[in-house]
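This is what each chain is made of:
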Amino acid sequence: MQQRARTEEAKDQRRQALLAAALDAFFERGFSATRMEDIAARAGVSKGALYLYFVSKEALFAALVDVYAMPNVERVETAAAAAPNAKEAIAAFTLLAPRLVRTTAVPKIMKILIADAPTFPEIVNEYRRKVVERSLSVIEDILARAQATGEFNIENPQLTARLVIAPMILSAIWHVTFERHDPVAKVDLESLFALHGKMLLRALAPVRAAS
């Protein structure tokens, strides 16, 4: 077992190691089946040391969301804020989406939530409020402004936002369910989201009156 972390830097490193161990344990065994001692053993610390940082599995998962998921929401918000119009915002999203699927913990967290949603609905609902709805609201705002300016023709920005984000959710689930077991199942996400962006722009283009 590791010695007790004494400096602030060492404590932060220990906390990050515990979160990484929790993420992998929840992903592999499920939130319900994972015990605090399982996480401690994976991180190479005592269960008592783990409780010094996190009082429960629920607290651990909440920290996972804050550390691994919330920065990605902020990336979406930053990309949207930097785009001069809705067309450019969609282009930014289609560039960002493959990275979110391939290089972040988002797919693992989604798998954990889906597997244990019936058992821990309060955790799922908290994730929905903090991550999913916040991300959707960014896209909804972009689409609503585009509708108001005439840039896009949108009947329902709220529902359309779900169509915009749907391929990323499917790709995340596909990534952790199929690709990790069979390289043949790997999808070219860059091409997929480039195509998705083109289809969105065609579908949302304002209807031009015949001359």
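### A look at the overall build of the chain
Moving on, step 1. Tallying secondary structure elements over the chain gives 9 helices and 0 strands in all.
Moving on, step 2. Starting at the N terminus and walking to the C terminus, you meet the elements of the chain as α-α-α-α-α-α-α-α-α.
Moving on, step 3. With the principal axes as the frame, the chain shows a C-alpha extent of 75 × 40 × 30 Å.
Moving on, step 4. Out of the 211 residues in the chain, the part that is buried amounts to 40%.
Moving on, step 5. Of all intrachain contacts in the chain linking residues separated by at least 6 positions in sequence, the fraction that spans at least 24 positions is 69%.
Moving on, step 6. Placing the 27 positive and 24 negative side-chain charges of the chain at their respective mean positions leaves the two points 3 Å apart.

### Looking at a nonpolar patch on the surface
Moving on, step 1. There is a patch of nonpolar side chains on the surface, built from Ile-114, Ile-169 and Ile-173 and spanning about 230 Å² of accessible area.
Moving on, step 2. Considering the arrangement of structural elements, one finds Ile-169 in helix H8 (residues 157-179).

### Considering the nonpolar core
Moving on, step 1. Within the largest apolar cluster, 37 residues are counted, with the highest numbers of intra-cluster contacts made by Phe-26, Ile-39, Leu-50, Leu-60, Phe-61, Ile-109 and Tyr-127.
Moving on, step 2. Taken together, the elements giving at least two residues each to this core come down to helix H1 (8-29), helix H2 (36-43), helix H3 (47-53), helix H4 (57-82), helix H6 (106-116), helix H7 (121-149) and H8.
Moving on, step 3. Excluding residues that lie within four positions of it along the chain, Phe-26 makes contacts with Phe-31, Thr-34, Ile-39, Lys-57, Phe-61, Leu-64 and Ile-112.
Moving on, step 4. Residues Ile-90, Ala-97, Val-101 and Ile-154 belong to the second largest nonpolar core, which totals 27 residues.

### Focus: the packing of aromatic side chains
Moving on, step 1. This model, assessed by the stated rule, comprises 5 aromatic pairs.
Moving on, step 2. An angle of 80 degrees between the planes, with centres 6.0 Å apart, marks the rings of Phe-31 and Phe-61 as edge-to-face. Residue Phe-31 is found in the loop between H1 and H2, and its partner Phe-61 is found in helix H4; the two are separated by 30 residues along the sequence.
Moving on, step 3. Judged by relative accessible area, Phe-31 falls into the buried class, the value being 3%.
Moving on, step 4. Ring plane angle 80 degrees and centroid distance 4.7 Å describe the contact between Phe-31 and Phe-120, whose orientation is recorded as edge-to-face.

### Focus on H6
Moving on, step 1. When H6 is considered as a whole, its buried residues turn out to be Val-106, Pro-107, Ile-109, Met-110, Ile-112, Leu-113 and Asp-116.
Moving on, step 2. Taken together, the buried residues of H6 touch H1, H4, helix H5 (86-103), H7 and H8.

### Regarding the packing of H4 against H6
Moving on, step 1. Where H4 meets H6, the axes come as close as 10 Å, and the angle between the chain directions of the two elements is 135 degrees. By the angle between their axes, H4 is oblique relative to H6. Judged by the sense of rotation from one axis to the other, the crossing of H4 with H6 is left-handed. Touching Phe-61, Leu-64, Tyr-68, Ala-69 and Asn-72 of H4 are Val-106, Ile-109, Ile-112 and Leu-113, all from H6.
Moving on, step 2. The residue inventory of the contact of H4 with H6, partitioned by class, reads 8 nonpolar, 1 polar and no charged.

### Considerations on the packing of H1 against H4
Moving on, step 1. Contact pair H1 / H4: the axes reach a minimum separation of 10 Å and the direction vectors enclose 105 degrees. When the axes of H1 and H4 are compared, the pair comes out roughly perpendicular. Of H4, the residues touching H1 (which contributes Arg-15, Gln-16, Leu-18, Leu-19, Ala-20, Ala-22, Leu-23 and Phe-26) are Lys-57, Leu-60, Phe-61, Ala-63, Leu-64, Val-67 and Tyr-68.
Moving on, step 2. Classifying every residue of the contact of H1 with H4 gives 12 nonpolar, 1 polar and 2 charged.

Cut-offs and rules
Residues numbered from 1 in each chain as written. Predicted model: local features only at pLDDT ≥ 70, side-chain atom pairs only at ≥ 80, totals over all residues. Heavy atoms only, no water. Helix = DSSP H or I, 4+ residues; strand = E, 2+ residues; numbered from the N terminus. Buried < 20%, exposed > 50% of the residue type's maximum accessible area, 1.4 Å probe, protein only. Contact = heavy atoms within 4.5 Å. Lys, Arg positive; Asp, Glu negative; His and termini not counted. Charge placed at Lys NZ, Arg CZ, Asp CG, Glu CD. Patch = residues over 30% accessible without salt bridge, like charges linked within 9 Å, V, L, I, M, F, W, Y side chains within 5 Å. Areas by Shrake-Rupley, 256 points an atom, 1.4 Å probe, with all protein chains shown as cover. Salt bridge = Lys/Arg side-chain N within 4 Å of Asp/Glu carboxyl O. Core = buried A, V, L, I, M, F, W, Y, C linked by side-chain atoms within 4.5 Å. Phe/Tyr/Trp six-rings, centres within 6.5 Å; stacked < 30°, edge-to-face > 60°. Axes fitted to C-alpha atoms, helices over the stretch in contact; angles between N-to-C directions. Parallel < 35°, antiparallel > 145°, perpendicular 65-115°, else oblique. Left-handed = near helix turned anticlockwise from the far one by under 90°. Nonpolar A, V, L, I, M, F, W, Y, C, P; charged D, E, K, R; others polar.

Remember, this is a structural readout, not a statement about activity or role.
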